[in-house]
Structure formats: structure tokens, C-alpha cells
Amino acid sequence: MSRPTTELAHLFRQLKAPAAAAALPKLADRARSEEWTYEQFAAALLKTETDSRDSHGGQARIKAARFPARKTLEEFDFAFQSSLRRDTVLHLGQLDFLHGKENIVLLGPPGTGKTHLSIALGIRACLAGHRVLFKTATEWVALLADAQRQSRLDRELDRLQRIPLLIVDEVGYIPFDPEAANLMFMLVSRRYERASLIVTSNKPFSGWGEIFGDDVTAAAMIDRLVHHAEILGLKGDSYRLKDRDLARPPAAPHA
Ligand code: ADP
Ligand code: MG
């Protein structure tokens, strides 16, 4: 290795800039053959490193968010889910709701894509540099109940407050006891106008009284949740049954 190359390798290591180090030989060749200015070359080299850091940060945040699967807006089939306007969802993907500390509520029967969309929006947020945490409603309640038992509920809610987006999946799959309903209410009201939530439920708001055990708690919760929120109602058949011919009459039983 020639002297300057050795020295460069050393400097890149000191700067912890492996992407720039790897890109250097090719970029230098291109710069020479295309007669770049020094400034162009410096920009290209530094951009290689920052791009790589951004995407690594994004991947780290996606991992930390603990999504149950990887889903994207690009793979969402809007032709199948015709009750949603594509524009509305793609606009949510621009993350204005996150900057405005607003919520998103996805309501609809099982299999209609609520979890898919919540993950896809969460991944967008991760890639844009925001921290996200995904859990089912049951898991959130367990986490908060644990904190409460250890007398650190307040600190836990504070910690969560600093995460700009929490996803609460599957509200309503299991009814809450009064303690659980209260913890859920605290989570929602603590974040009110301070940080965003994405909430999914298979039950319409009219069924939330049953989930939370009483109509007053449910109404207070819904009030906080929807005051600054985009509510998306998903309809139709489960996407999981898409390739089955639902219109086909059942085969005649063998005589
Ligand atoms: P829900 O949370 O509403 O019960 P999911 O989001 O889990 O439904 O969707 C069930 C499965 O079908 C997932 O694998 C999801 O990726 C897929 N899916 C649902 N709707 C769509 C859609 N419109 N386009 C593409 N995949 C979809
Ligand atoms: Mg789901």
C-alpha cells in the first residue's frame, strides 16, 4: 500500500467512516475521469458516508421498534382495500401527523390490513429518524401494569413520552379489566397533544364501552384519541381470503 493510501485508511478508521473508505477508490477514479472539482469530490465522498449512516440508523430503529413483521406502504394493495383512499394513506406516509403530534386510528374487521398499515407507517417514521415502539394493547397493559407494581409508572410514562410514535395494535381483541382500562387511558391522555399514537381495533367506537368495561372511560378515551386524529375505517373481506373464490357456491356433498 502506498503511503497516502495507508494514511487515508488510518484517517477513515479514526473518523469511523467505513462507507466513505470503501467508496473512495471508485469515487476517486470517477472524479479523475469526469474532472470533478475538489468540492464535488468532497461532497460525493461525505454523502456516501451520511447515506450509509442514515440507513443504518433506520434499520436500528426498525429493529428497536419490535414490529411483528416487515410491511410497507408500497406493497399495500389499494385496489383490494377500496374503502381507503390511496392519497390519504400516502399522505400519512409523509408523516405530517407525527410532526403535528396527531394520532391515527385504524378500525375494521380482521384481515383488512390494519396491522399492515400501522407497521408500514411505523417503518416510514423509523427511516425518517423517529423512534417507534410497537405492541399489542394487551402487551402495553402488561408493560404498564409491571411498572405500576414496581411503583415506577410515572417514570415509565415519561420515558414513553419521549418516543414520538407508539403503536397500540388490536384494541378490543380482549376486553380490559378496570385496572387495564385505566392504564390504557393514562397512556392515551399522557400523550395527548405531546406525541403520536397509532391505534388499531376490530371494533367500531360504539363497541369500545364493552372493551373498556364502562362507557364513561371509553368516551373519555375516544375523546382524547380522536381530537387530533385521522380515523380510517377499513371494510371488506379479509385479505387472507383474497385468492379464495368467495362467490363460489359450496360444492355439492357427495351422495
Ligand atoms: P388486520 O390487522 O386488519 O387483521 P393485517 O394487516 O394483519 O390485518 O392483514 C392480514 C394479512 O394480509 C397481512 O399479511 C397483510 O400484509 C395482508 N394484507 C391485508 N390487506 C392487504 C392489502 N390491502 N394489500 C396487501 N396486503 C394486505
Ligand atoms: Mg391486526
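Residues numbered from 1 in each chain as written. Chains lettered and ligands numbered in written order. Predicted model: local features only at pLDDT ≥ 70, side-chain atom pairs only at ≥ 80, totals over all residues. Heavy atoms only, no water.

(A) Quick peek at the site of ligand 1. Near ligand 1, the surroundings consist of 15 residues, among which Asp77, Gly111, Lys114, Thr115 and His116 are the closest. Within the side chain of Thr115, an N or O atom sits 2.7 Å from an oxygen atom of ligand 1. Burial of ligand 1 by the protein amounts to 86% of the accessible area it has alone, namely 560 Å². (Near = heavy atom within 4 Å. Polar contact = N/O pair within 3.5 Å; in protein donor to acceptor, adjacent residues only side chain to side chain. Areas by Shrake-Rupley, 256 points an atom, 1.4 Å probe, with all protein chains shown as cover.)

(B) The arrangement of the UniProt feature "domain: AAA+ ATPase" (unreviewed entry) in the protein in detail. This chain's UniProt record puts "domain: AAA+ ATPase" (unreviewed entry) on residues 100-232. When the span residues 100-232 is considered, its composition is 51% helix and 20% strand, and the gap between its end C-alpha atoms is 18 Å. (UniProt positions renumbered as here; feature names shortened; annotations may be inferred. Helix = DSSP H or I, 4+ residues; strand = E, 2+ residues; numbered from the N terminus.)

(C) Broad picture of the nonpolar core. Formed by 32 residues in total, the largest nonpolar core has its most connected members in Val168, Phe176, Leu187, Trp208 and Phe212. Secondary structure elements with two or more residues in this core: β1 (103-107), α7 (137-149), α8 (153-161), β3 (165-171), α9 (178-191), β4 (196-201), α10 (208-212) and α11 (215-227). Residues in contact with Leu187, not counting those within four places in the same chain, are Trp140, Leu144, Leu157, Leu160, Leu166 and Val168. In terms of nonpolar packing, the next biggest core, distinct from the first, is built from 28 residues, Phe97, Leu106, Leu121 and Cys126 among them. (Core = buried A, V, L, I, M, F, W, Y, C linked by side-chain atoms within 4.5 Å. Buried < 20%, exposed > 50% of the residue type's maximum accessible area, 1.4 Å probe, protein only. Contact = heavy atoms within 4.5 Å.)

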